[in-house]
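A closer look at the structure
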Amino acid sequence: MPKKIVILGGGTAGWMAANLFVRKWTAEQVSVTLVESPDIGIIGVGEGSTPFLERFFKLIDVDDAEWMPRCDATYKLSIRFAGWSPASGIDDYSHPFLSQVDHFTERAFVTNCRTRRLGLDVHTHPDDFFINGLLANEGKGPHTPDSFPFIVGYGYHFNAGLLGEYLGELGVSRGVTHLQTKIDDVEQHEDGSLAALLSDSGERIEADFFVDCTGFASVLMQKTLGVKFESFKSNLFNDSAVVMPTPGSDSPRPETVSYAMSNGWCWKIPLTTRYGNGYVYSSDFISADDAETELRTFLGTLDSDESARHLRMNVGQLERHWEKNCLALGLSQGFIEPLEATALLLVQIAIEVFISSYEQGEFTNKLCDEYNAKIHERFERVRDYIVAHYKLNTRDDSEYWKANRENMQLSDSLRHILDAWYRRKDLTEEVQRQNLESHFTSLSWHCLLAGYGAFPALAKDQPGTGDRYLQENVQRFLSRCALNFSPHRDNLASLHPNPG
Ligand SMILES: Cc1cc2nc3c(=O)[nH]c(=O)nc-3n(C[C@H](O)[C@H](O)[C@H](O)COP(=O)(O)OP(=O)(O)OC[C@H]3O[C@@H](n4cnc5c(N)ncnc54)[C@H](O)[C@@H]3O)c2cc1C
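Quick look at the structure, then. Sequence order as written defines residue numbering, which begins from 1 separately in each chain. Confidence filtering applies because this is a predicted model: local features only for residues at pLDDT of at least 70, side-chain atom pairs given and counted only at 80 or more, and all residues used for totals across whole chains, interfaces and linings. Water and hydrogen atoms were dropped before computing side-chain values, which therefore reflect all heavy atoms in the structure.

1. Observations concerning the packing of helix 4 (residues 106-117) against helix 14 (residues 442-451)
Between helix 4 and helix 14, whose axes approach to 11 Å, the crossing angle comes to 45°. In terms of orientation, helix 4 lies oblique with respect to helix 14. The chirality of how helix 4 crosses helix 14 is left-handed. In contact with Glu106, Phe109, Val110, Cys113 and Arg117 of helix 4, helix 14 contributes Leu443, His446, Cys447 and Ala450. All amino acids are sorted into three groups, where Ala, Val, Leu, Ile, Met, Phe, Trp, Tyr, Cys and Pro are nonpolar, Asp, Glu, Lys and Arg are charged, and the leftover types, Gly among them, are polar. Broken down by class, the residue content of the contact of helix 4 with helix 14 amounts to six nonpolar, one polar and two charged. Interaxial angle, 0 to 180 degrees, is taken between N-to-C directions of lines fitted to C-alpha atoms, where a helix line uses only the stretch in contact. In this description a helix means any DSSP run of H or I spanning at least four residues, a strand means any run of E spanning at least two, and both kinds are numbered starting from the N terminus. What sets the label is the angle itself: under 35 degrees gives roughly parallel, over 145 gives roughly antiparallel, 65 to 115 gives roughly perpendicular, and the rest give oblique. A crossing counts as left-handed when the near helix is turned anticlockwise from the far one by less than a right angle, and as right-handed when that turn is clockwise. Whether two residues touch is decided by their heavy atoms; if any such pair falls within 4.5 Å, the residues are in contact.

Here it is, written out as structure tokens:
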């Protein structure tokens, strides 16, 4: 059982781990040190989250009003996918984070999806069925008056650099020892496990357990312990990104928009001070220069002096996320491209599963294998969900989109999901059979498939009945619910002690 943990790397992953550890254990139980190089810096992208980040802040006991203004953060109610499936007649759709109110409308949605799969023309656009999509469309935030009894699910947009700084200060104030130095070498015990980090200034930093948060460099796991990396390149083609900010809006929308581009997609993330934008693409299909020109044209910044940043992405995961006395977290353990902003979600799940393994009391090989199997499975199921976005696209403007649609390198799990959908079987049953609910719920799969208009052709005869959207007057119900919400802009202003 480790008593001294050293985290190498001070990006979001390293500081999330440090904060959760010191919140969980007293200094007498486990001492936590975080080492980072002042010269290498953090990746500085990754500005959108899932609702899991709200859970993270709850676990470390920090309110929105405390951290959000410090990090230029806004609320995120959904992700809007624009231009991914033009041939289905759907220009864009909002993929909502689910809220309690949705319990009242989800049955109508799932039933209509089934009816539509049988060929009848009923409403299936996710925007029409879920409160978050409606709120995002109306520019409203997730704050509700006390009289509104339902919880609204939300994530965040934030400045990654500022979040790293904030979490660093918080961690240090709560007992994390912070060392700023570059690690040049690693000392290992005879059995290969890690003994100490050796810094370029001659320090020897010992511990009995290490956490590799060194980003794509993967200094401890890949470089020192030789853990192999499994690439996802055969079914996730994107390996590069070009990013640049643009001026912000007074009224930031509470959603990320993901626009399909010629050879990838572009995120637009609204912060309180600026937009973060980035074109994620496959270098097999478009050059870095052409991607930058396309991004600038799209953003209207062709003549701007603002420079763009180019990044390479290693998409895949380690064969083992816990090896000997070392755990990998964040980009050092793997990355599944940012389409669903799932990276920090995976970091947090990995930390929480590790903490619960620690609490079990003995670090056996069996425990370590079980941990690895769980995290491996997580990565694979998130990958499948993202692959589905590409597989379902109906664009014909480039070889990239056609290759994605024709991609047959699908996991059995994903094949079974698509099979159940297209064969008009019960998708919820299939999701339950595969035990996938903890990754993405059946409702999320319905939203994705319906959002892409992935339906068979309409039947010739339309009896004209059976539309639960109309029968249950879902539109009236949701618009009445939305009356309880105030503009997103006002929600953000209320977080500042002195708005304006
Ligand atoms: C294009 C792109 C878009 C993304 N979008 C999202 C998103 O929307 N949502 C999301 O959740 N995630 C996103 N991510 C992922 C997200 O950026 C990362 O998961 C997150 O920032 C955590 O990074 P990290 O802490 O693992 O690594 P980094 O931020 O790279 O930190 C690495 C740390 O290791 C230290 N280090 C490295 N080598 C040494 C050494 N030898 N000695 C000492 N210190 C060392 C560095 O100094 C640094 O502190 C995106 C990633 C990319 C590439």
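2. Side note on the pairing of strand 8 (residues 183-188)
Whether two strands pair depends on DSSP finding at least two bridges between them. Strand direction decides the pairing type here: strand 8 and strand 9 (residues 194-199), joined by five bridges, are antiparallel. Its bridge partner lying in strand 9, Gln188 is registered against Leu194. Where strand 8 hands over to strand 9, the hairpin turn is made up of five residues, of which Gly192 adopts a positive phi near 95°.

3. Notes on the environment of Gly119
In this fold, Gly119 is placed in the loop between helix 4 and helix 5 (131-138). Separated by 120 residues in sequence, Gly119 and Asp239 place their C-alpha atoms 38 Å apart. Beyond its immediate stretch of four places on either side in the chain, Gly119 contacts Ala457, Leu458, Ala459 and Gln462.

4. A word on helix 11 (residues 399-406)
Along helix 11, the residues that are buried comprise Tyr400, Trp401 and Asn404. For helix 11, the angular spread of buried residues about the axis comes to 95°, placing them on one side. Of the exposed residues in helix 11, those oriented more than 90 degrees away from the buried face are Glu399 and Glu406. Residues of helix 11 that are buried sit in contact with strand 4 (78-85), strand 14 (255-261), strand 15 (264-270) and helix 10 (365-391). To sort residues, take the accessible area from a 1.4 Å probe on protein chains only and compare it with the maximum for the residue type: under 20% means buried, over 50% means exposed, and anything in between is partly exposed. Our arc is simply the arc of the directions from the helix axis toward the C-beta atoms.

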